[in-house]
Structures are given as structure tokens and as C-alpha cells.
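Examining the three-dimensional arrangement
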Amino acid sequence: MAYQAIMVSEDDNIRTITLNRPDNLNAINERITSELREELEAISRNRALRCLVLTGAGRAFSAGQDLKEISARQEPVDYTRELHRRYHPIVTGLRSLEIPVIASINGAAAGAGWSLALACDLRIASTRATFLSAFGKIGLVPDAGMTWLLPRLVGLAKALEITWLGDPISAHDALALGLVNRLAEPDQLAAVTRETAARLTRAAPRSLALSKQAMYASLANGFEAQLEYEARSQGIAGRTKDYARGVRSFMNKQPPEFIGE
Ligand code: T3D
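Residues take numbers from 1 onward in each chain, read along the sequence in its written order. Given that this is a predicted model, residues contribute local features only at a pLDDT of at least 70 and side-chain atom pairs are listed and counted only at 80 or more, while totals for whole chains, interfaces and linings are drawn from all residues. Neither water nor hydrogens contribute to the side-chain values; these are computed over all heavy atoms in the structure.

1. Quick notes on the sheet that holds strand 6 (residues 108-110)
Spelled out, the test is: We call two strands paired when DSSP finds no fewer than two bridges between them. The numbering of helices and of strands both runs from the N terminus, where a helix is a DSSP run of H or I of at least 4 residues and a strand a run of E of at least 2. The contact criterion used throughout is that any non-hydrogen atoms of two residues lie within 4.5 Å. Only the stretch in contact is used when a helix axis is fitted, and all axes are lines through C-alpha atoms; the angle between N-to-C directions ranges over 0 to 180 degrees.
An order of 4-6-8-9 is seen for the four strands of this open sheet, with the pairing classed as mixed. Edge positions in the open sheet fall to strand 4 (60-62) and strand 9 (169-170), since each of these has one partner strand only. Pairing of strand 4 with strand 6, which is carried by two bridges, proceeds in the parallel orientation. Each residue of the ladder has a partner; that of Ala 60, found in strand 6, is Ala 108. Along the sheet, helix 4 (residues 112-119) contacts strand 4, strand 6, strand 8 (130-132) and strand 9; its crossing angle with strand 6, the most-contacted strand, is approximately 100°.

2. What to know about the site of the ligand
So the rule is basically this: By convention in this text, a residue qualifies as near a molecule or strand provided that one of its non-hydrogen atoms is within 4 Å of it. Counted as a polar contact is a pair of N or O atoms within 3.5 Å, where, for protein atoms, one must be capable of donating a hydrogen and the other of accepting one, and residues adjacent in sequence contribute only when both atoms are in side chains. All accessible areas in this document rest on Shrake-Rupley with a 1.4 Å probe, and a residue is counted as covered only by the protein chains that are shown. Here the term charged refers only to Asp, Glu, Lys and Arg, the term nonpolar to Ala, Val, Leu, Ile, Met, Phe, Trp, Tyr, Cys and Pro, and the term polar to all other amino acids, Gly among them.
Near the ligand lie 24 residues; those nearest to it are Arg 59, Ala 63, Gln 65, Leu 67 and Ala 112. Separating a nitrogen atom of the ligand from a backbone N or O atom of Ala 63 is a distance of 2.9 Å. At 2.9 Å, a backbone N or O of Gln 65 approaches an oxygen atom of the ligand. For the ligand, the protein covers 67% of the area, taking 1100 Å² as the surface of the free molecule. Per-element tally for the shell around the ligand: the top contributor is helix 3 (residues 79-96), with four residues. Of the residues assigned to the shell around the ligand, the class counts are 14 nonpolar, four polar and six charged.

3. Some points on the sheet that holds strand 10 (residues 182-184)
Pairing in this open sheet of six strands is mixed, and the strands run 1-2-3-5-7-10 from one edge to the other. Each end of this open sheet is capped by a strand with a single partner; those strands are strand 1 (6-11) and strand 10. Neighbour-to-neighbour, the strand axes of this sheet turn through a mean angle of 20°, independent of strand direction. Where strand 2 (residues 14-19) and strand 3 (residues 51-56) come together, six bridges link them in parallel fashion. Within the sheet, the bridge partner assigned to Ile 14 lies in strand 3 and is Cys 51.

4. Here's the deal with the environment of Arg 128
This is how the line gets drawn: Note on exposure labels: buried denotes an accessible area under 20% of the residue type's maximum, exposed denotes more than 50%, and partly exposed covers the range between, all computed with a 1.4 Å probe on protein chains only.
Topologically, Arg 128 is positioned in the loop between strand 7 (122-126) and strand 8. Take Arg 128: its relative accessible area is 63%, and that puts it in the exposed class. Not counting residues within four places of it along the chain, the set of residues in contact with Arg 128 comprises Gly 107 and Pro 186.

5. Quick word on the pattern of salt bridges
Stated precisely, the cut-off is as follows: The term salt bridge refers to a side-chain nitrogen of Lys or Arg lying within 4 Å of a carboxyl oxygen of Asp or Glu.
Tallied over the entire structure, the rule returns 18 salt bridges. One salt bridge connects Arg 194 with Asp 11, and the closest N-O pair in it is separated by 2.7 Å. Here the residue Arg 194 occupies a position in helix 8 (residues 189-201), and Asp 11 occupies one in strand 1, the gap between them amounting to 183 residues. Judged by relative accessible area, which is 41%, Asp 11 ranks as partly exposed.

6. Let's talk about the packing of aromatic side chains
The test is simple: Stacked, tilted and edge-to-face pairs are distinguished by plane angle, under 30 degrees for stacked and over 60 for edge-to-face with tilted covering the rest, among Phe, Tyr and Trp rings (Trp via its six-membered ring) whose centres lie within 6.5 Å.
Overall, the coordinates contain one aromatic pair when judged by the stated rule. Here Trp 114 and Phe 131 contribute two aromatic rings whose centre-to-centre distance is 5.6 Å and whose plane-to-plane angle is 50°, an arrangement assigned as tilted. With a gap of 17 residues between them, Trp 114 in helix 4 and Phe 131 in strand 8 connect regions that are remote in the sequence. Residues Trp 114 and Phe 131 agree in their burial class; the two are buried.

7. Let's talk about the environment of Glu 228
Mapping Glu 228 onto the fold places it in helix 10 (residues 223-238). Between the C-alpha atoms of Glu 228 and Leu 177, which are 51 residues apart in sequence, the distance is 31 Å.

8. Side note on helix 5 (residues 146-154)
Applied cut-off: Think of it as the arc spanned by the lines of direction from the helix axis to the C-beta atoms.
Taken as a whole, helix 5 has its buried residues at Met 146, Leu 149, Leu 150 and Val 154. Along the axis of helix 5, the buried positions cluster into a sector of 100°, meaning they face one direction only. Those residues of helix 5 that are buried lie in contact with helix 3, helix 4, helix 6 (156-165) and helix 7 (171-177). The positive-phi residue at the C-terminal boundary of helix 5 is Gly 155, with phi of around 95°.

Now the structure itself:
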């Protein structure tokens, strides 16, 4: 299907989704959510892909929910239902993909736009990016996973400060807080994202997928339960052809070439 509110491209097994409503700072309307859902489902079935990048067109990553669209509705909005229907499949979809997902944050990330970036595994931001909770300013609460992800990244007190005071966070502060993994100059963002994605495509896919699942599982597990989780994951990883290839390459002092099996 031809998308209208997102653009997709693929290069060397790296899929890129670009939120594409630059005139509205990529505000998330009905069409963006339905197209993102469809695209994420397609990506989850595509065994050839090795990395997903999510970015925005124009000067913003995303300004969050499209407030113009939602306020134009005639009937009262049931936000609980909206979140279940539109946002939850996207943030759970991003999190459950087996491939690494990188948010390449080219500008402002506000409200649920920031939540989307938080639901990605790694974040690379332009030095021009800013982060704004925005929910409190319009009388809402953080959603689309932000109340779960933000305290885990920055700690409880900082998460509450960000939510309650609503001050924009600069890219440099975001790096210092651990909200983003690395920064790039605006004209270098695509290249730095691409280089990181390319490195990930060269890693053993099952190792990446199992370690992603284990890291996220750890957030809900106690220590003993996590040891068990690791032991099960290692049992699976240790039976892959890529593990055998990795050890052989080490012995031969050659860089490994993984095949995803
Ligand atoms: O649906 C549900 O289930 C509820 C879920 C809610 C989740 C949420 O995301 S709530 C939070 C929604 N987001 C916001 O409140 C942020 C609103 N935007 C801003 O605060 C500012 O635009 C920014 C700080 C992000 C950027 O400011 P600035 O000065 O660089 O740009 P601007 O002039 O405000 O915006 C440029 C255009 O984008 C402008 O359009 P215009 O006037 O030129 O036609 C503006 O209206 C539009 N725009 C920006 N944000 C949104 C938007 N249009 C619709 N919805 C937006 N969120």
C-alpha cells in the first residue's frame, strides 16, 4: 500500500520509517497511527531486515498527538479507548520487534512523539533536538508508555520534574540524563544513525534479539528470575550456527560473518 503520512525506505537490510507531516511537526494523526501499525506488522514478518530507524521529516521528530484533528471531532473523545486502539499497538510493536530499533531524533519530540522515541531501543539525537513532555500543559497525563519508560531512564524524581514543570530538555541535557545514546550535528545525524545501524546489521541477529528481550524482561524480574531468564536465552544462543561461526572466527583471528541462524 502507498503510505501518505509516513515514508519508508530500505537500504542494506536497514528499514527507515520517516514520519511525514512536516507542516504540522509530524503531529500524530489517525493516518500516521494506522500506517505505522501496518508498517510495523509488515516489518515483524520480514526476516531479512536487521535494523529499523524511526525519524521525522522537516524540523521536528514529532509534536505528539495531532491536537487539531482530535479537537475537531464532534463527539467526546474516549482517551482510554484511543490509547488502546491507536498508540498501544505501536509502542508494543516497536518494543517487540526482534531487530534493534533506533530513533533518529532530528528536532522537537513532544508528548506522544517523545513516547514513540522512548519506545525505541536506542536514541540518536541531533544537537538541535528538544524534548518536551507537553502533556501537563494541556491537562493530560504522560501516555503511550512514558510513565513506564521515563523513570527507568532518568529516575523517579527527574521523571516527575520533567512531567510537572514541563520545561523543554535540550539535546545536551538529554545526553547527560541518559535519555539519548549519542548526539550528532544536524547535518551529520543521518550519517551517524546509518553508521550505528550498519554496525548492528553486522552483529549476530539472534544474539541481538535475545539480549533485547532479556534486557526488557529484567525490568520486571527479580535477580534470581533474571538469572534463569539469562540461562534459557544462552541455551538458545549457544545452539545457533552464528555462535559456532563466532567462536571459529575468533580462533582464526578473522572478523565473524553472521548468517542469522
Ligand atoms: O489521543 C490520545 O489518545 C491522547 C494522546 C495524547 C498524547 C499527546 O501527545 S498530548 C501532547 C500533544 N502535543 C503537544 O501539546 C505539543 C504541541 N506543540 C508544541 O508545543 C509546539 O508546536 C512545539 C514546542 C513542539 C514546537 O514549537 P514551534 O514554535 O517550533 O512550532 P509551532 O509554531 O508551535 O508549530 C508549527 C506548526 O505545527 C503549527 O501549525 P500552523 O500554526 O503553522 O498551521 C502548529 O499548530 C503545528 N503543530 C505543532 N504541534 C502540533 C501541531 N498541530 C497539531 N498537533 C500538534 N501537536
